[in-house]
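Overview (structure and organization)
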Amino acid sequence: MGIDRYIIDWFNSGFGIGEEWAQILGNLLLVCLSLLCTAIFVSVIGFEREYHGHAAGLRTHLLVGIGSAIIMIVSIYGFSSVDFPNRDPARLAAQVVSGIGFLGAGTIVQTGIDVKGLTTASTLWLSMAIGLAAGSGNFVIAALATLVSFFFLVAMRRVERFASRKNPVLMVVVPSDKPVLKDILLIASRYSISIRDTKSEIVLYQGMQALRICMRLNFASLSSSTAFLDELRFSLRPLELKISTDA
């Protein structure tokens, strides 16, 4: 963009002086500006994750963003003194884009029928993109991406909670020799509750084998969910019964 191009040219030209020492100093300060902008922008995203108690918080996002910016800076300036006629600064950046997937995959955990960490993995990928943008001198793009992303991270949380209330997750723990799935489906049909994403597994519960069933109630109102739970407790007498609206 024009503003970014003006900033880069001003620093690389030695603040308009044109002397060799000024150009070296200007280039050094441009690198510092890239790293500083990366740290500020990525901190905004990392703070939102840290505030809500996610494992990949402020420091992790900072390291991802700054590391990406450094790789971008090295790919632009690190090989400029070597005679590479086919030098492509985007090659190292491309490796960062694919490599960050391994780090993001480590934050994704499946618990029952829920998948946790997808948003955090996405914000790590976003931090990488912001770092590459700032490292390449696209400060306006990096700033706009930070503002838009932070706005939707905060604003969409309420929308997500509202949607998840209509699709709560039910967990039932019963003795392993007690077939209950058919009973659960029959009781759910009486309250016009649709069940999807059912998962069952054998677990240890207080030293004994038990069957844990997780299922998602599709578009269930609060009143129907409450009545459904009450009848499950009365009819099945489960070892544990829990409902969650966390997506």
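Please refer to the structure higher up on the page.
Presented here is an overview of the structure given in this document.

1. Considerations on the packing of helix H2 (residues 20-51) against helix H5 (residues 118-135)
Interhelical geometry of H2 versus H5 gives an angle of 165 degrees and a closest axis separation of 9 Å. What the angle tells us is that H2 and H5 run roughly antiparallel. Classified by chirality, the crossing of H5 by H2 is right-handed. Contacts between H2 and H5 pair Ser34, Thr38, Phe41, Val42, Ile45 and Arg49 from the former with Thr119, Thr120, Thr123, Leu126, Ser127, Ile130, Gly131, Ala134 and Gly135 from the latter. For the contact of H2 with H5, the class distribution of residues is six nonpolar, eight polar and one charged.

2. Considering the packing of helix H3 (residues 58-78) against helix H4 (residues 90-105)
Following both chains from N to C, one finds H3 and H4 inclined at 160 degrees, their axes separated by 9 Å at the closest point. The orientation of H3 relative to H4 falls into the category roughly antiparallel. With respect to the hand of their crossing, H3 and H4 are arranged in right-handed fashion. Between H3 and H4, the contacting residues are Val64, Ser68, Ile71, Met72 and Ser75 on the first element and Leu92, Ala93, Val96, Ile100 and Leu103 on the second. For the contact of H3 with H4, the class distribution of residues is eight nonpolar, two polar and no charged.

Rules used in this analysis
Residues numbered from 1 in each chain as written. Predicted model: local features only at pLDDT ≥ 70, side-chain atom pairs only at ≥ 80, totals over all residues. Heavy atoms only, no water. Axes fitted to C-alpha atoms, helices over the stretch in contact; angles between N-to-C directions. Helix = DSSP H or I, 4+ residues; strand = E, 2+ residues; numbered from the N terminus. Parallel < 35°, antiparallel > 145°, perpendicular 65-115°, else oblique. Left-handed = near helix turned anticlockwise from the far one by under 90°. Contact = heavy atoms within 4.5 Å. Nonpolar A, V, L, I, M, F, W, Y, C, P; charged D, E, K, R; others polar.

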